[in-house]
Amino acid sequence: MHTIAAISTPNAVGGIAVIRISGSNAFAVAERIFKPFNNKKISDMEGYTCCYGIAHDNNERIDDCILTAFKAPHSYTGEDVIEISCHGGLFISKKILRTALKNGAENAEAGEFTKRAFMNGKLDLTQAEAVMDIISAKSDMELKIAEELREGAAFKKARNCSDKLVKILGDLAAWADYPEEDIPEVEPNQLAEELKTVRNELFSLVENYDAGRIIREGVSTVIVGKPNVGKSTLFNCLAGCERSIVTDISGTTRDVVEESVRIGDIILRLSDTAGIHETQDIIEGIGIGIAEKMIDSSELVIAVFDGSCPCTEDDLKLIDRIKNKKSLAVINKSDAEQVFDSEMIKSKNIPIVYISAKENNIEQLNIAVQNLFKINSEIFSSVPAANERQKRCIEKALESVDNAVNMLKNGEFLDAVTVVIDEAEQYLLELTGEKITETVVNEVFSRFCVGK
Ligand code: GDP
């Protein structure tokens, strides 16, 4: 495999930058572009050691750097790896990278270092995916889950299930292939029981998927309501800064403004929208169209009503629009005299909270959000699938195991049951990456950044 190089630190100015080179020629490339001050040969360096020297382009000095050597297989990728830490200027790091490319290395693709770690058996696919989650973690909880996955929690569980399925398949094959031998008969009820334990273990990997996803990605939330009810004021109150324009002229917010806010353990990915009402204003009309679409696509709708005004036709339409969504009805302006009739909202069983966005009194809303998305502390007793790909594999394996159990119950031929159990096993191998198509591998790693 060719030797690859990339800048592994962000594309920004910083204290240091790291250029990573991986592959069988990594040491040879480094030899051509780096001169240690101790005049020793880089190829003689032991793994996990470093030296101080000059990175140069054909003897023209670029920068004083530290070079760290990793010898295969004891490196991130499992190959020989050189990391050059230079001063963190974009020009310097790019120049060192260009020099490495001139001297035998090739540009690394997105995620190629981690892809090589996967190809060389340093990581299974769930662990490789967890690397990305560790990089993008925004909270302690998110980091904790990603680290457990990085340590192989999902892999171990999937492997455990897979081992059990292989044992069952082995028993079935032995019984079917060598009937004349003294092999105990396979008992369908016992087989079904064994499959059920596999089922429960697989289920624990998907049951907390939504809670895990909420911790990782937050809840896509849209704030809607007719003009002037206080949507932007609430948005700013939640976001803690003046992002939306607040005026008392109807229809000020014409685009969608976005912000992530944390309420307890929950991150809301908030969108403030143009007021939803009948309008002749074309620009505002576009904003309203977006708001309508966002009601459909958001996980949580915060519908704001003006407590100081009577309930109008637009309010009723909105209530009707959100009645089947996960939503909260926020009656705003509780500091003013209350005339809004909330009977219609109550009749649709939408939870109601009373707030004053203007006076920053939104405690009821905070509590209601946390109640709606309770993060069960049990999420940590079983690490959930980290992404849709993993979830899909587990669900398919689950479905096959369930089918096998039902087939056993219905007294179907064991040959047919074997095929379905084998199918479950294949999905688990796909989950861990032990049996996977190149397209899926490329898809997984394309989501990484270059240099990782
Ligand atoms: P939007 O059109 O729904 O985004 O409404 P804005 O946030 O722009 O607010 C419209 C008007 O209502 C502004 O004059 C706000 O100061 C006022 N307003 C917002 N929240 C409250 C509140 O809790 N109490 C009172 N009394 N006025 C509010």
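Residues numbered from 1 in each chain as written. Predicted model: local features only at pLDDT ≥ 70, side-chain atom pairs only at ≥ 80, totals over all residues. Heavy atoms only, no water.

Caption draft 1: Inspection of the confidence of the model for the chain at higher detail. Looking at the chain, the pLDDT average stands at 86 and 89% of residues meet or exceed 70. Predicted confidence for residues 249–254 stays below pLDDT 50, and this span has 15 contacts to residues more than four positions away or in other chains. (pLDDT = per-residue confidence, 0-100. Contact = heavy atoms within 4.5 Å.)

Caption draft 2: Structural context of the pattern of salt bridges. Counted according to the given criterion, the structure contains 18 salt bridges. A salt bridge links Glu112 to Arg116, with the shortest nitrogen-to-oxygen separation between them at 3.5 Å. On the criterion of helical spacing, the pair formed by Glu112 and Arg116 is a turn pair, its members being four residues apart in helix 3 (residues 112–119). Taking relative accessible area as the criterion, Glu112 reaches 10% and is therefore assigned buried. With relative accessibility at 2%, the residue Arg116 sits in the buried group. One salt bridge in this structure joins Lys391 and Glu395, with 3.6 Å as the shortest N-O distance. Residue Lys391 and its partner Glu395 are located together in helix 14 (residues 388–409), separated by four residues, close to a single helical turn. (Salt bridge = Lys/Arg side-chain N within 4 Å of Asp/Glu carboxyl O. Helix = DSSP H or I, 4+ residues; strand = E, 2+ residues; numbered from the N terminus. Buried < 20%, exposed > 50% of the residue type's maximum accessible area, 1.4 Å probe, protein only.)

Caption draft 3: Spotlight on the nonpolar core. The biggest cluster of nonpolar side chains holds 40 residues, and the ones touching the most others in it are Leu195, Leu202 and Ile421. Of all the secondary-structure elements, those providing two or more residues to this core are helix 5 (140–150), helix 6 (153–177), helix 7 (188–207), helix 8 (209–217), helix 14 and helix 15 (414–432). In terms of residue count, the dominant contributor to this core is helix 14 (nine residues). Contact partners of Leu195, with chain neighbours within four places excluded, come to Leu165, Ile168, Val401, Ala404, Val405, Leu408 and Ile421. Counting 27 residues, the second-largest nonpolar core is a separate cluster that includes Ile223, Phe235, Leu238 and Ile263. (Core = buried A, V, L, I, M, F, W, Y, C linked by side-chain atoms within 4.5 Å.)

Caption draft 4: Main features of the side chain of Lys115. By secondary structure assignment, the location of Lys115 is in helix 3. The side chain of Lys115 is buried and forms no salt bridge, while Glu109, the nearest opposite charge, is found at 5.0 Å. Among residues more than four places away in sequence, those in contact with Lys115 are Val441, Asn442 and Phe445. (Lys, Arg positive; Asp, Glu negative; His and termini not counted.)

Caption draft 5: Seen up close, the packing of aromatic side chains. One pass over the full model with this rule turns up four aromatic pairs. Ring plane angle 90° and centroid distance 6.0 Å describe the contact between Tyr48 and Phe70, whose orientation is recorded as edge-to-face. On the criterion of sequence distance, the pair formed by Tyr48 in the loop between strand 3 (34–36) and strand 4 (49–57) and Phe70 in strand 5 (residues 60–70) is long-range, its members being 22 residues apart. Overall, Phe70 belongs to the buried group, its relative accessible area being 17%. If you follow Lys326 out to its NZ or CZ, it ends over the ring of Phe373, 4.6 Å from the centre. We note Lys452 situated over the ring of Tyr76; from NZ or CZ to the ring centre the distance is 4.5 Å. (Phe/Tyr/Trp six-rings, centres within 6.5 Å; stacked < 30°, edge-to-face > 60°. Lys NZ or Arg CZ within 6 Å of the ring centre and 35° of its normal.)

Caption draft 6: A look at the packing of helix 14 against helix 15. Where helix 14 meets helix 15, the closest approach of the two axes is 8 Å, and the angle between their N-to-C directions is 165°. Our classification of the angle between helix 14 and helix 15 gives roughly antiparallel. Considering only the axes of helix 14 and helix 15, their crossing is left-handed. Residues Arg389, Gln390, Cys393, Ile394, Lys396, Ala397, Ser400, Val401, Asn403, Ala404, Met407 and Leu408 of helix 14 pack against Leu414, Ala416, Val417, Val420, Ile421, Glu423, Ala424, Tyr427, Leu428, Glu430 and Leu431 of helix 15. Of the residues in the contact of helix 14 with helix 15, the class split is 16 nonpolar, three polar and four charged. (Axes fitted to C-alpha atoms, helices over the stretch in contact; angles between N-to-C directions. Parallel < 35°, antiparallel > 145°, perpendicular 65-115°, else oblique. Left-handed = near helix turned anticlockwise from the far one by under 90°. Nonpolar A, V, L, I, M, F, W, Y, C, P; charged D, E, K, R; others polar.)

Caption draft 7: Structural context of the site of the ligand. Close to the ligand lie 17 residues; Asn228, Lys231, Ser232, Thr233 and Asp335 are nearest. Taking Lys333, its side chain carries an N or O atom lying 3.1 Å from an oxygen atom of the ligand. In the model, an oxygen atom of the ligand is placed 3.0 Å from a nitrogen or oxygen of the Lys358 main chain. With three residues, helix 9 (residues 231–239) is the single largest residue contributor to the shell around the ligand. (Near = heavy atom within 4 Å. Polar contact = N/O pair within 3.5 Å; in protein donor to acceptor, adjacent residues only side chain to side chain.)

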